[in-house]
Amino acid sequence: MIGSGSDALLSVQPLAIVVLATVLVPFCSRRLAHVLGAVGLGLVAAWTLLVPDGTGPTVPFLGLELVLVSVDDASRLVGLALSAFGALAVGYAFVVGTDTRHLLIALAYAGVSLWTVFVGDWLALALGWELMAVASTLLVWYHGGEAVRAGYRYALVHAVGGGLLLVGVALHWVAVGPSATALQYDGTGISPGLAAVAVGLAVGVNAALIGVHVWLPRTYAAPHVATSVILSAYTTKVAVYAAYRAFPEGNLVLASVGAAMTVYGAAYALAQKDMRKLLAYHIQAQVGYMLAGIGLGSALGVAGGFGHLFNNVLYKGLLFMVAGFVVVRTGKNKLDDFGALGRATPLLFATFLVAALSITGVPGFNGFVTKGMVLDAAAEANATLLEALLLAGAVGTFVSFMKFGYYAFLEGEHASIPDLSPADLAVSAPIAVACVLLGVFYPVLFALLPATDAWSTDPYSAAHLYKAVVLAGGSLVAFVVAKPLFGRVAGGKDVDELRDPLVFYGTGAVTDVLVRSYGWVDEQVARAAAAVVVAVRNPERTVLAALPDSLEDRYRDWARQTWDESGLKTTVALVFVALVIVLVVGLTF
């Protein structure tokens, strides 16, 4: 039974707080509506800090007991990141001009994301997973234009991912033995075998696994800039959280795929001129660090993965805000289209630098602390190749943001645009300050991470600082060497350039084979039916055609004798019955 005081908070589902704010939005002015949205998500952030560990009430559904609230270190940390950043993202949406309809969809997306994090069983998580896909698709579509096309791709991919998740959950239910509580989290994760494969693939879709990741850069670069900011925080991070629930003891495949993603995402980010595509590819790269940490399964790896998730929500969201401010002021997306903004926008440039130094892992910023934890976890596990991939991804990240900063703020003719206003700073400066404070006063974040008594690290050890200096110096050399190539490369060709035509024409070829096969079978059935009809209508002629000449006379004598004794002959009714039998057999085949 739920007690009084803070224990009573376990009976409150965060989605209910967001819904309460959302239902009031249509009746308010634009300004007040955004204030309500920000306050609602802010209250959820406060709830995550006050609610104790434990589970809340359950409700019966389809013979199962759904756990509406389940709080532990992992769900608390992810929920805090999503709600606190979401409050500032709503403020950002206001300052860049979104309307209340956009806000309604955004709040629905944020609310069901929080539901997905704080429920305590797989069926409730799958329900939230599907609602997230619907809400985020509507959020993309709302912008219209090219975003509609991108949204269709996004919806199709996430429909496949949602289907895989439901298949995995069903297989898990069968494997553990059907019961009312079979799908509730028990700390052991998803059942091994096909259930784990299906859930792993579903997580991979939402986490932008290599091969099924193209929805990420295609979608995040297309809609309103506020939508890009909001999208950057939720879907991929909830996927990382689900990966931990599925594989709480770690998974080597998950870790290896994550390490590969860091290199792949950073490499494709280097090829981008579109700011939001560059940032989207780096979501894939940064999610790779999170999956690598969780996949390693050690206490330090899991803590590093979740810590990096928390930090990534902050600095990646801030980077999307910076890109959005540029797009709103210049009307352009590409780095080489608007000239050098640094002199005209020192506040915007400073905000970018804080976010860039955070994501690249420079000492004094939050990304340095948690990226170092994941690298240490790989070193402790003697995963040499995995550690090498993570370091290569770190170099790619450094070079990418050197490129971003150079072309957006320093290279070209000086452009004159408005700098950040007080309202702009009100939504972006708190995130920038948090990136610095969590890089310096990192014990505050450590206290929120899972299993704090099972791991330890010194982020500012001599070894960590030496590694950071080597990475930064090597990346600077790489940038200088590769700089002549940046002007010639515009996006590159991703896997969809091969996959989509292969799927399109491959599906057409398979369809053609099936049509031809069906036509051949249909022709054979028709011929067989015609032969049966002829045989039934004139059996004597059919038999005679099949007999050798030496037996024809003997058969005629036998048939004549049989007719005289029975009086049987072919009738219209008999032919009809034979046709029905042939038709049934043919359709069944």
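Use the structure listed above.
Residues numbered from 1 in each chain as written. Predicted model: local features only at pLDDT ≥ 70, side-chain atom pairs only at ≥ 80, totals over all residues. Heavy atoms only, no water.

Asks: Even after reading the chapter, I still don't get the overall build of the protein, so can you show me in this structure?
Replies: Counting its regular elements, the protein contains 23 helices and 4 strands. Sorting the 589 residues of the protein into buried and exposed places 51% on the buried side. Relative to all contacts within the protein whose residues are 6 or more apart in sequence, the contacts with residues 24 or more apart total 81%. Accessible area of the protein: about 25600 Å², with a carbon and sulfur share of 68%. (Helix = DSSP H or I, 4+ residues; strand = E, 2+ residues; numbered from the N terminus. Buried < 20%, exposed > 50% of the residue type's maximum accessible area, 1.4 Å probe, protein only. Contact = heavy atoms within 4.5 Å. Areas by Shrake-Rupley, 256 points an atom, 1.4 Å probe, with all protein chains shown as cover.)

Asks: Is there a simple way to explain the side chain of serine 113 in this structure?
Replies: Structurally, serine 113 is set in helix H4 (residues 100-118). Of the residues examined, serine 113 reaches a relative accessible area of 0% and is grouped as buried. Leaving out residues up to four positions away in the same chain, serine 113 has contacts with Met132, Tyr234 and Val238.

Asks: Got a minute to help me understand the packing of aromatic side chains in this structure?
Replies: Where two aromatic rings form a pair, the distance of their centres and the angle of their planes describe that pair. Evaluated as defined, the whole model comprises 21 aromatic pairs. Measuring from centroid to centroid gives 5.0 Å for phenylalanine 352 and phenylalanine 404, while their planes differ by 25°, and the two rings are stacked. On the criterion of sequence distance, the pair formed by phenylalanine 352 in helix H14 (residues 346-360) and phenylalanine 404 in helix H16 (residues 384-410) is long-range, its members being 52 residues apart. For phenylalanine 352, a relative accessible area of 2% puts it in the buried group. Between tyrosine 442 and tyrosine 460, the aromatic rings sit 5.9 Å apart at their centres with planes inclined by 35°, giving tilted as the arrangement. (Phe/Tyr/Trp six-rings, centres within 6.5 Å; stacked < 30°, edge-to-face > 60°.)

Asks: Just checking my understanding: could you explain the side chain of glutamine 272 for this structure?
Replies: With respect to the element layout, glutamine 272 can be found in the loop between helix H11 (252-270) and helix H12 (275-296). At 2.8 Å, the side chain of glutamine 272 forms a polar contact with the backbone oxygen of tyrosine 268. (Polar contact = N/O pair within 3.5 Å; in protein donor to acceptor, adjacent residues only side chain to side chain.)

Asks: Where do I start with the environment of leucine 375 in this structure?
Replies: The residue leucine 375 is located in helix H15 (residues 366-380) in this model. Leucine 375 gets classed as buried once you look at its relative accessible area, which sits at 5%. Along the chain, leucine 375 and glycine 301 lie 74 residues apart, while their C-alpha atoms are 8.4 Å from each other. In this structure, leucine 375 is in contact with Glu387, Leu390, Leu391 and Lys467, ignoring residues within four places of it in sequence.

Asks: Please explain the environment of leucine 471 as it appears in this structure.
Replies: As for its position among the elements, leucine 471 is in helix H19 (residues 462-486). Classification of leucine 471 as buried rests on a relative accessible area of 16%. Sequence separation between leucine 471 and alanine 392 is 79 residues, and the spatial gap between their C-alpha atoms is 9.2 Å. If we skip the residues at most four places from it in the chain, leucine 471 touches Leu391, Ala394, Val395 and Phe398.

Asks: Can you walk me through the pairing of strand E2 (residues 58-61) in this structure?
Replies: On a regular strand, one side chain projects to one face of the sheet and the next to the other, so that they alternate. Strand direction decides the pairing type here: E2 and strand E3 (residues 64-67), joined by 4 bridges, are antiparallel. In the sheet register, phenylalanine 61 faces E3, and the bridge partner there is leucine 64. The hairpin formed by E2 and E3 contains 2 residues between the paired strands, and leucine 62 there has a positive phi angle of roughly 55°. (Pairing = 2+ DSSP bridges.)

Asks: I'm lost on H4 in this one. Help?
Replies: For an α-helix, 3.6 residues make a turn, and residues three or four places apart therefore share a direction. Between its terminal C-alpha atoms H4 stretches 27 Å, which fits the 27 Å expected from 19 residues at 1.5 Å a residue. Taking burial as the measure, the 19 residues of H4 include 15 buried ones, the bulk of the element. Among the residues of H4, the N-terminal cap falls to aspartate 99, whose side-chain oxygen and the backbone nitrogen of arginine 101 are separated by 3.3 Å. (Expected span 1.5 Å × (residues − 1).)

Asks: How should I be thinking about the packing of helix H13 (residues 299-330) against H15 in this particular structure?
Replies: Describing two packed helices takes the angle between their axes plus the distance from one axis to the other. Closest axis-to-axis distance for the H13/H15 pair is 8 Å, and the angle between their directions is 155°. In this view, H13 runs roughly antiparallel relative to H15, as classed from their interaxial angle. As H13 packs across H15, the resulting crossing turns out to be left-handed. The segment H13 lies against H15, with Leu300, Gly301, Ala303, Gly304, Gly305, Gly307, His308, Asn311, Leu314 and Tyr315 engaging Asn366, Gly367, Thr370, Lys371, Met373, Val374, Asp376, Ala377 and Glu380. In terms of residue class, the contact of H13 with H15 is made up of 7 nonpolar, 9 polar and 3 charged. (Axes fitted to C-alpha atoms, helices over the stretch in contact; angles between N-to-C directions. Parallel < 35°, antiparallel > 145°, perpendicular 65-115°, else oblique. Left-handed = near helix turned anticlockwise from the far one by under 90°. Nonpolar A, V, L, I, M, F, W, Y, C, P; charged D, E, K, R; others polar.)

Asks: What is the right way to look at a nonpolar patch on the surface in this model?
Replies: A cluster of nonpolar side chains, contributed by Val433, Val436, Leu437, Val440, Phe441 and Val444, occupies part of the molecular surface with about 500 Å² of accessible area. Among the elements that line the nonpolar patch, the one with the most residues is helix H17 (residues 422-440), at 4 residues. Summarising the element assignment, valine 440 is placed in helix H17. Of the residues examined, valine 440 reaches a relative accessible area of 42% and is grouped as partly exposed. (Patch = residues over 30% accessible without salt bridge, like charges linked within 9 Å, V, L, I, M, F, W, Y side chains within 5 Å. Salt bridge = Lys/Arg side-chain N within 4 Å of Asp/Glu carboxyl O.)

Asks: Help me understand empty space enclosed by the protein in this model?
Replies: As enumerated under the stated definition, the model contains 2 cavities of 30 Å³ or more in all. In this structure, the largest cavity spans a volume of roughly 130 Å³. Around the largest cavity sit Thr360, Gly361, Phe368, Lys371, Gly372, Leu375, Ala394, Phe398, His464, Lys467, Ala468 and Leu471, which together line it. If you list the elements that add at least two residues to the lining of the largest cavity, you get H15, H16 and H19. Considering only residue class, the lining of the largest cavity consists of 6 nonpolar, 4 polar and 2 charged. When its volume is computed, the second largest cavity comes out at roughly 50 Å³. Around the second largest cavity, the lining residues are Leu41, Gly86, Ala89, Val90, Ala106, Leu107, Ala110, Ile230 and Tyr234. Listing elements by their share of the lining of the second largest cavity, those giving two or more residues are helix H3 (73-95) and H4. (1 Å grid on protein atoms, 1.4 Å probe; cavity = no way out; pocket = protein on both sides within 12 Å on 5 of 7 lines; lining within 4 Å. Points joined across faces, edges and corners; volume = space filled by probe spheres on them.)

Asks: Would you explain H12 in this entry?
Replies: For H12, spanning 22 residues, the distance from its first C-alpha to its last is 32 Å, which sits close to the expected 32 Å at 1.5 Å a residue. For H12, a buried count of 21 out of 22 residues is recorded, marking the element as mostly surrounded by other parts of the structure. Where H12 starts, the residue carrying a side-chain oxygen 3.0 Å from the main-chain nitrogen of arginine 276 turns out to be aspartate 274. At the exit of H12 stands glycine 297, carrying a positive phi of roughly 80°.

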